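Structural description and commentary
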Amino acid sequence: LRVEKDLVLEMDQKLKRVTVPCWRDVVFKYIESLANTDVSKKTVETYKLCLEAHTFPVWGERLIDEITGLEIRELVNQKADRSPSHQKNILKYIRASFTFAVENGLI
């Protein structure tokens, strides 16, 4: 029974990896969709650079539905040496990525 439970959990994880994208994939899709709107190229580049620099080292390969609100707040608070406006921008970019994921059925 223990082996069967372990196999069920392992298969569940494999299925989840196939159906739920990782954070990096969601950000790339979001940036691509943002580039196809009327947003300036500079704005798109700013979103891309900020999300890559601040979130990829921590969440890059994590499944997006495993990232919690607490982890987001901790990430923004870790950037306490940054200006308050930069912290707000980081949070805004992360929120926009999650909103994109929800609107497109990724979460």
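Coordinates for the structure precede this section.
Just so it is clear, the structure is predicted and the values come from calculations on it, not from any experiment.

Along its 20 residues, helix H5 (residues 84-103) runs 28 Å from first to last C-alpha, staying within 8% of the 28 Å computed at 1.5 Å per residue. Along H5, the positions that sit buried rather than exposed are Gln 87, Ile 90, Tyr 93, Ile 94, Ala 96, Ser 97, Phe 98, Phe 100 and Ala 101. In the segment just after H5, Gly 105 is the residue with positive phi, at about 75°.

Should the charged atoms of two oppositely charged side chains come close, the side chains can pair. The final tally for this structure, using the stated rule, is 3 salt bridges. Measuring nitrogen to oxygen at the nearest pair gives 2.9 Å for the salt bridge that ties Arg 24 to Glu 61. Of this pair, Arg 24 sits in helix H2 (residues 23-35) while Glu 61 sits in the loop between helix H3 (41-59) and helix H4 (69-78), and the two are 37 residues apart along the sequence. Two residues, Glu 71 and Arg 62, come together in a salt bridge whose shortest N-O distance is 2.8 Å. Taking relative accessible area as the criterion, Glu 71 reaches 22% and is therefore assigned partly exposed.

Here His 54 shows up in helix H3. Apart from the residues lying within four places of it in its own chain, the contact partners of His 54 are Leu 75, Lys 79, Arg 82, His 86 and Ile 90.

By the element assignment, Cys 22 lies in the loop between helix H1 (2-19) and H2. Judged by relative accessible area, which is 9%, Cys 22 ranks as buried. On a C-alpha basis, the gap between Cys 22 and Ile 64 in space is 5.3 Å, while along the polypeptide they are 42 residues apart. Those residues in contact with Cys 22 that lie beyond four places of it in its chain are Gly 60, Glu 61, Arg 62, Leu 63 and Ile 64.

About the criteria used
- Residues numbered from 1 in each chain as written.
- Predicted model: local features only at pLDDT ≥ 70, side-chain atom pairs only at ≥ 80, totals over all residues.
- Heavy atoms only, no water.
- Helix = DSSP H or I, 4+ residues; strand = E, 2+ residues; numbered from the N terminus.
- Expected span 1.5 Å × (residues − 1).
- Buried < 20%, exposed > 50% of the residue type's maximum accessible area, 1.4 Å probe, protein only.
- Salt bridge = Lys/Arg side-chain N within 4 Å of Asp/Glu carboxyl O.
- Contact = heavy atoms within 4.5 Å.

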